[in-house]
Amino acid sequence: ITGAGQRIGFYCAERLVSEGYSVIISYRRAHPQLEQLTALGVTCIQADFCNEHSITAFIEQVKQHTRSLRAIVHNASAWQPDAPSIEQQPLSALFTVHMLAPYMINLACEPLLRQSPVADIIHISDDVTRKGSSKRIAYSATKAGLENMTLSFAARFAPQIKVNSITPALIMQHP
């Protein structure tokens, strides 16, 4: 699970471990909850998907920890508003996190997924892709790109590896 150091990714990791799965997660920054996951036996890998090199380094670390994968959940995300000037726009950074990382991880980990009799890839998108966003154009566009990538990977990896997208709307976090 990418981006599982907190919030939804954390709860997904916690739940999968409770169901008996071995779990590997990525996290960008350390959070107190990581100690809980580590105590549960989760392999926690620090990875900031800010460039191709860091994505490749994460993939290599995953390959050092396992010879097969049951699933990949792409949860890593950045919730950035558009900037006031063109020089500060977040499109490149959001493209790298939302699209380049899943693309590279899916392709590099395909052999690991094919080692499992049942395999899934899940892209966590956002309902904002249906309507767009006047304040988060880059975010909305890259999440829409992720949804299109879901369709393409589903066609490429079928029938052994199922590829789907989950597009939640606003999620209320309870303390």
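Use the structure listed above.
Every value quoted in this text rests on a predicted model; they were computed, and no experiment measured them.

Chemist: Where do I start with the packing of helix α4 (residues 91-113) against helix α6 (residues 137-157) in this structure?
Modeler: In helix packing, the relevant descriptors are the interaxial angle and the interaxial distance, both defined with respect to the helix axes. Two elements in contact, α4 and α6, have axes separated by 8 Å at closest approach and are oriented at 15°. Relative to α6, α4 is oriented roughly parallel. When you trace α4 past α6, the crossing you get is right-handed. Contacts between α4 and α6 involve L91, L94, F95, H98, M99, P102, Y103, N106, L107 and E110 on the former and, on the latter, A138, Y139, T142, K143, G145, L146, M149, F153, R156 and F157. Residues that form the contact of α4 with α6 fall into these classes: 13 nonpolar, 4 polar and 3 charged.

Chemist: Help me out: how do you make sense of the nonpolar core in this one?
Modeler: One broad rule of soluble globular proteins: the nonpolar side chains tend to lie buried together. Core analysis: the largest hydrophobic core is formed by 28 residues, its most contacted members being F49, I55 and I105. Per-element accounting of this core gives the leading share, 9 residues, to α4. Contact partners of I55, with chain neighbours within four places excluded, come to F49, T96, L100, A101, M104 and I105. One finds I1, V17, Y27 and L37 within the second-largest nonpolar core, a separate group that totals 13 residues.

Chemist: Explain the pattern of salt bridges to me, please; I cannot follow it from the model alone.
Modeler: Opposite charge on two side chains makes pairing possible when the charged atoms of those side chains draw close. On inspection of all chains with the given rule, the structure shows 5 salt bridges. Between E19 and R15 there is a salt bridge whose closest N-O contact spans 3.0 Å. In this structure R15 comes out as exposed when scored by relative accessible area, which is 54%. The network of salt bridges with shared partners includes D127, R130 and K131.

Chemist: I'm lost on the sheet that holds strand β4 (residues 119-124) in this one. Help?
Modeler: The strands that make up a sheet pair up through hydrogen bonds in the backbone, lying either parallel or antiparallel. One open sheet holds the 3 strands; their spatial order is β3-β4-β5, and the pairing between them is parallel. Either end of the sheet is taken by a strand with one partner, and the two such strands are β3 (71-74) and β5 (161-166). For this sheet the average axis-to-axis angle between neighbouring strands, irrespective of direction, equals 10°. Alignment of β4 against β5, held across 6 bridges, turns out to be parallel. Bridge pairing in β5 links H123 to S165. Contacts between α6 and the sheet are confined to β4 and β5, with β5 contributing the most and set at about 160° to the helix.

Chemist: Honestly, the packing of aromatic side chains in this entry has me stumped. Any pointers?
Modeler: For any pair of aromatic rings, the description consists of the separation of the ring centres together with the inter-plane angle of the planes. Scanning the model with the defined rule gives 5 aromatic pairs in all. Centre to centre, the rings of F49 and F58 are 5.3 Å apart; their planes meet at 70°, and the pair counts as edge-to-face. Accessibility assignment for this pair places F49 and F58 in one class, buried. On the basis of an interplanar angle of 40° and a centroid distance of 5.3 Å, the ring pair of F153 and F157 is categorised as tilted. In this pair, F153 and F157 both sit in helix α6, 4 residues apart, roughly one turn of the helix.

Conventions and cut-offs
Residues numbered from 1 in each chain as written. Predicted model: local features only at pLDDT ≥ 70, side-chain atom pairs only at ≥ 80, totals over all residues. Heavy atoms only, no water. Axes fitted to C-alpha atoms, helices over the stretch in contact; angles between N-to-C directions. Helix = DSSP H or I, 4+ residues; strand = E, 2+ residues; numbered from the N terminus. Parallel < 35°, antiparallel > 145°, perpendicular 65-115°, else oblique. Left-handed = near helix turned anticlockwise from the far one by under 90°. Contact = heavy atoms within 4.5 Å. Nonpolar A, V, L, I, M, F, W, Y, C, P; charged D, E, K, R; others polar. Core = buried A, V, L, I, M, F, W, Y, C linked by side-chain atoms within 4.5 Å. Buried < 20%, exposed > 50% of the residue type's maximum accessible area, 1.4 Å probe, protein only. Salt bridge = Lys/Arg side-chain N within 4 Å of Asp/Glu carboxyl O. Pairing = 2+ DSSP bridges. Phe/Tyr/Trp six-rings, centres within 6.5 Å; stacked < 30°, edge-to-face > 60°.

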